[in-house]
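What the coordinates show
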Amino acid sequence: MLDLEDIQHFLMSRPPARAARYEFLTFRSATGGRQWLSGLIDKVGTAKAVGSSVSDSRWITIGFTWNGLRALGVGEESLATFPEEFRQGMAARAEIIGTTGANHPNHWVEGLASPDLHGIAILFARDVTERERCREEHAGHVSKCEGVELLSHLDLEALPPFDYAHEHFGYRDRLSQPVIEGTGVEPTPGSGPPTKAGEFFLGYPVEQG
């Protein structure tokens, strides 16, 4: 079974949000970075709420680059356990993953291709007004954490209709939200069997065992 309290909500299901803000951060100080993280842990939504009838308003999602984990002070022995692809980072693997030409990291803006990109906070909200409240609250928290700086941000809003999940072209798009084994969620007709948890989460078996 999956440890749902140890997996972020966003990794398993879309939150019921119509607006979001992605904030890309750098940690100039390990102490400040850890202070930033400790102040957000209790606000991060967990997978335990997926499929629950109980509304969970904790819609913050956080993530780190390999350089970010190092900036936080994670030990070299632990850092060495991550897959080589993660340690290299997306910019270094541009040719492999197809981000070439106009999409090459040379054209990425506001530090997104820099090794100084250490973390991301995704602030989900029911609407733009709530997103602005979350933005202000997060900005206040960042200002109290020495050496934590905002590199850039991206604001998003959902497009109507709102009565079914879809991507921006209107397709229902099950490819980007597959059902994961152990979640208790039943695949929709035509979606195929649930995917092994190890394809998404470290510490669980992958499709090849």
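All values reported here derive from a predicted model rather than from experimental measurement.

1. With respect to the packing of aromatic side chains
Within the structure shown, the criterion is met by 6 aromatic pairs. Look at Phe27 and Phe64: their rings are 6.4 Å apart centre to centre, the planes differ by 55°, and that puts the pair in the tilted class. Here Phe27 is found in strand 1 (residues 19-27), whereas its partner Phe64 is found in strand 2 (residues 60-64), with 37 residues between them in sequence. For the pair Trp36 and Phe64, a centre-to-centre distance of 6.3 Å together with 90° between the ring planes defines the contact as edge-to-face. In this pair, Trp36 is assigned in helix 1 (residues 30-38) and Phe64 in strand 2, connecting sequence segments 28 residues apart. On the accessibility criterion, Trp36 (0% relative accessible area) is buried. Since its relative accessible area comes to 23%, Phe64 is described here as partly exposed.

2. With respect to the sheet that holds strand 3 (residues 119-125)
Two modes of strand pairing occur in sheets, parallel and antiparallel, and in both the strands are linked by backbone hydrogen bonds. The strand order across the open sheet formed by 4 strands is 2-3-1-4, and the pairing between neighbours is antiparallel. Looking at strand neighbours, the two that pair on one side only are strand 2 and strand 4 (148-157), the edges of this open sheet. Strand-to-strand twist across the sheet, computed as the mean angle between neighbouring axes with direction ignored, equals 15°. Alignment of strand 2 against strand 3, held across 5 bridges, turns out to be antiparallel. Residue pairing across strands places Ile60 opposite Leu123, the latter belonging to strand 3. Of the strands in this sheet, strand 1, strand 2, strand 3 and strand 4 are in contact with helix 1, which crosses strand 2 at around 150°. Contacts between helix 6 (residues 128-143) and the sheet are confined to strand 1, strand 3 and strand 4, with strand 1 contributing the most and set at about 15° to the helix.

3. Quick notes on the nonpolar core
Ranked by size, the top nonpolar core spans 16 residues in total, and within it Leu25, Phe27, Trp36, Ile60, Ile62 and Val148 carry the most contacts. Elements supplying a minimum of two residues to this core: strand 1, helix 1, strand 2, strand 3 and helix 6. In this structure Phe27 touches Gly33, Trp36, Phe64, Gly68, Ala71, Leu72, His118, Gly119, Gly147 and Val148, once residues within four positions along its chain are discounted.

4. Points about unusual backbone geometry
That bond from Pro160 to Pro161 is cis: its omega, 5°, falls within 30 degrees of zero. Mapped onto the elements of the fold, Pro161 is located in the segment after strand 4. With phi around 55°, Glu110 is a residue other than glycine that occupies positive phi space. When you line up the elements, Glu110 lands in the loop between helix 5 (94-97) and strand 3.

5. A word on the pattern of salt bridges
Taken as a whole, this structure holds 13 salt bridges when the rule is applied. In this structure, Glu137 and Lys43 form a salt bridge, with 3.4 Å as the shortest nitrogen-oxygen distance. Taken as a pair, Glu137 in helix 6 and Lys43 in the loop between helix 1 and strand 2 lie far apart in primary sequence, 94 residues in all. For Glu137, a relative accessible area of 39% translates into the label partly exposed. It is possible to trace a salt-bridge network through shared partners that takes in Lys43, Glu130, Arg133 and Glu137.

6. Thoughts on helix 1
Residue pairs spaced three or four apart in an α-helix point in one direction, given the helix's 3.6 residues per turn. The complete set of buried residues in helix 1 reads Gly32, Gly33, Trp36 and Leu37. When helix 1 is viewed along its axis, its buried side chains cluster within an angular range of 140° and face the same direction. Of the exposed residues in helix 1, the ones pointing more than 90 degrees away from its buried face are Thr31 and Ser38. Looking at the buried side of helix 1, the elements it contacts are strand 1, strand 2, strand 3, helix 6 and strand 4.

Definitions and limits used
Residues numbered from 1 in each chain as written. Predicted model: local features only at pLDDT ≥ 70, side-chain atom pairs only at ≥ 80, totals over all residues. Heavy atoms only, no water. Phe/Tyr/Trp six-rings, centres within 6.5 Å; stacked < 30°, edge-to-face > 60°. Helix = DSSP H or I, 4+ residues; strand = E, 2+ residues; numbered from the N terminus. Buried < 20%, exposed > 50% of the residue type's maximum accessible area, 1.4 Å probe, protein only. Pairing = 2+ DSSP bridges. Axes fitted to C-alpha atoms, helices over the stretch in contact; angles between N-to-C directions. Contact = heavy atoms within 4.5 Å. Core = buried A, V, L, I, M, F, W, Y, C linked by side-chain atoms within 4.5 Å. Salt bridge = Lys/Arg side-chain N within 4 Å of Asp/Glu carboxyl O. Arc of directions from axis to C-beta.

By themselves these figures say nothing about function.
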